[in-house]
Amino acid sequence: MDVLNLIGGRWAEGEGEEFADTNPARPAEVVARGRFASAREVEQAIAAAREAAPGWAATPHHARAAVLTGAADLVDASADEWGAELAREEGKTLAEAVAEVSGAARILRYYASEADRDSGEVFASPRPGESVLVVRKPIGVAGLITPFNFPVAIPAWKIGPALTYGNTVVWKPSSLVPLLAYRLARALVQAGLPDGVLNLVYGEGEAGSAIVDHPGVDAVSFTGSTAVGRAVIARCGELGKPVQTEMGGKNASVVLADADLDHAAEQVCLGAFRSTGQKCTATSRLIVASQVADDLLERVAERAARLVVGDPLAPEVEMGPLVSSAARDRVSAGVRQALGEGAKPLAGASPLDREGWFVPPTVLDLPGTGVDFWRTELFGPVVGAVRASSAEEALGLANLSEHGLSAAVFTRDLGVALSAVEKLEVGVLHVNSESAGTFPYVPFGGAKQSGFGPKEQGRAAREFYTRTVTVYLGAPA
Ligand code: NAP
């Protein structure tokens, strides 16, 4: 399968380096091939988005929404086929991949439905005959930079609001997942998106920073690692450019003494091992009340050891490979370091001797919070546990991180649950469910070093993709 850049409505082969997108379960298998956009083509994409901006902004919201609905229908109709492609290119299981594609269609529909909601506010004025209107306008050209781990859902939750509110887009997907980017862009074009409104450029970090730097890009929305996100924030700060970044996590699940241990163990495993732990909201730290720690950890380790690891396309497989050899090496090195620092392996931990970028689901009993594992996001299927002697101590340990994306708390005590709501420094909190999982109609994003700028998803996205004009509308004299 050959994939193409999209520049000003033209499908372009790309003037940059050739790339091959390979299957992480069978690295010799090429899933897609293409060429990166050259620096000149990135410029052309930005120029095309600028040229298309006034026309798209002036298009009635319902007409813009109709394109999103049409694309959502195409995405839905292709969910099984694209799901298989997503599993082959990224490595999550077929069931998760199909669900991600269907989820992307739901996100596009949600943003289409924005056309039916209020588009501003009206305030009273103390002056006779006057009203004060707060109207919303697009910000212009949005530069969107997306990570590998949700190749279609995260792009949909940036492109959907960007387009519905009247912006044009230059999008650089992760170079690890070009095929699903191509599929989504094609669906939007097929649904009737005018030339230049969406531009897709393949490239690595250099293409991302060219978009961030370019004066023709009015605002930048980035999702990815904290290190790159902070560089993007700094550059946008220098340029005075609005920026939104969603970044890394080191998410905690807290299991208290009164929790249903079977349920908690199951949810901790879903949080830690689904998508091979490659979710920004994956559980990687486990904090367990001392009274139930041995019991809970035995259940978590037993479930982890039972997980079927293998080719994500096989229906019985519950966990696929990591996305790349670099990811496999990073996760394996992180586990080795934790063992070297005194962690006890309860499940997994030893390398898997098989083709592909596989690591086993791993559960570590940590010697304390001083180990590097506690601080560093590995972005793989590894969870490390510590014990806490009280609910208060457990919540304090959950906050002991520079990250603040998501957390989960397992308890039957409403008072403790409310105290978690009050005390935990996170953007997303699950009470009695795994730390991962989002609905498209509610805000999503992290606290502390995990997120910067307005939240994504739901109506919260409007704060980033529009600017307000306050209009004092007086009656003619
Ligand atoms: P990444 O390495 O930071 O890359 C993210 C995107 O930024 C990719 O498209 C990447 O391009 C691009 N990029 C790299 N260097 C850049 C630069 N200097 N300027 C501009 N763009 C640049 O992240 P990833 O490995 O794809 O994704 C995993 C990370 O994302 C994890 O840390 C995870 O927690 C985080 N994440 C956060 C959320 C959230 O909502 N908080 C959601 C999902 C993932 P190339 O990779 O093609 O070079």
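It should be emphasised that the depicted structure is a prediction, and the values quoted were computed from it without experimental measurement. (Residues numbered from 1 in each chain as written. Predicted model: local features only at pLDDT ≥ 70, side-chain atom pairs only at ≥ 80, totals over all residues. Heavy atoms only, no water.)

A. Structural context of the layout of surface pockets. In this structure, the largest pocket occupies an estimated 870 Å³ of space. Where the lining of the largest pocket is concerned, the elements lending two or more residues are helix H7 (205-213), strand S10 (219-223), helix H8 (226-239) and helix H11 (325-340). Along the lines of polarity and charge, the residues of the lining of the largest pocket split into 17 nonpolar, 15 polar and eight charged. Two domains share the lining of the largest pocket, each providing at least three of its residues, namely domain 1 (5-247 + 450-474) and domain 2 (251-431). The computed volume of the second largest pocket comes to approximately 540 Å³. Those elements that provide at least two residues to the lining of the second largest pocket are helix H4 (94-113) and helix H5 (153-164). Broken down by element, the residue count for the lining of the second largest pocket peaks at seven residues, all from H4. Counting residues domain by domain, the lining of the second largest pocket receives three or more from each of domain 1 (5-247 + 450-474) and domain 2 (251-431). (1 Å grid on protein atoms, 1.4 Å probe; cavity = no way out; pocket = protein on both sides within 12 Å on 5 of 7 lines; lining within 4 Å. Points joined across faces, edges and corners; volume = space filled by probe spheres on them. Helix = DSSP H or I, 4+ residues; strand = E, 2+ residues; numbered from the N terminus. Nonpolar A, V, L, I, M, F, W, Y, C, P; charged D, E, K, R; others polar. Domains from an automatic or database assignment.)

B. Representation of the sheet that holds strand S22 (residues 466-473) in the model. Ordered in space as S5-S6-S22, the three strands form an open sheet in which the pairing is antiparallel. The two strands at the open ends of the sheet, each matched to only one other strand, are strand S5 (120-124) and S22. Between one strand axis and the next, the sheet turns by 20° as a mean value, whatever way the strands run. (Pairing = 2+ DSSP bridges. Axes fitted to C-alpha atoms, helices over the stretch in contact; angles between N-to-C directions.)

C. Quick look at the domain arrangement of the chain. Domain boundaries assigned for the chain yield domain 1 (5-247 + 450-474) and domain 2 (251-431). Between domain 1 and domain 2, the C-alpha centre-to-centre distance is 31 Å. Across the contact, 22 residues belong to domain 1 and 25 residues belong to domain 2. Between domain 1 and domain 2 we count one salt bridge in total. Residues Asp 311 and Arg 26 are paired through a salt bridge, measuring 2.3 Å at the closest nitrogen-oxygen approach. For the pair domain 1 and domain 2, the interface holds seven residue pairs in polar contact (both at pLDDT 80 or more). Contributing elements (two or more residues each) for the side of domain 1 that touches domain 2: strand S4 (26-35), helix H3 (79-90), H4 and H8. At four residues, H3 tops the list of elements feeding residues into the side of domain 1 that touches domain 2. (Contact = heavy atoms within 4.5 Å. Salt bridge = Lys/Arg side-chain N within 4 Å of Asp/Glu carboxyl O. Polar contact = N/O pair within 3.5 Å; in protein donor to acceptor, adjacent residues only side chain to side chain.)

D. Fine view of the pairing of strand S16 (residues 382-388). By the criterion of burial, S16 is predominantly enclosed, with six of the seven residues buried. Sheet analysis places strand S13 (residues 283-289) next to S16, joined by five bridges and oriented parallel. Bridge pairing in S16 links Arg 285 to Gly 384. Bridging between strand S15 (residues 362-365) and S16 involves four bridges; their strand directions are parallel. (Buried < 20%, exposed > 50% of the residue type's maximum accessible area, 1.4 Å probe, protein only.)

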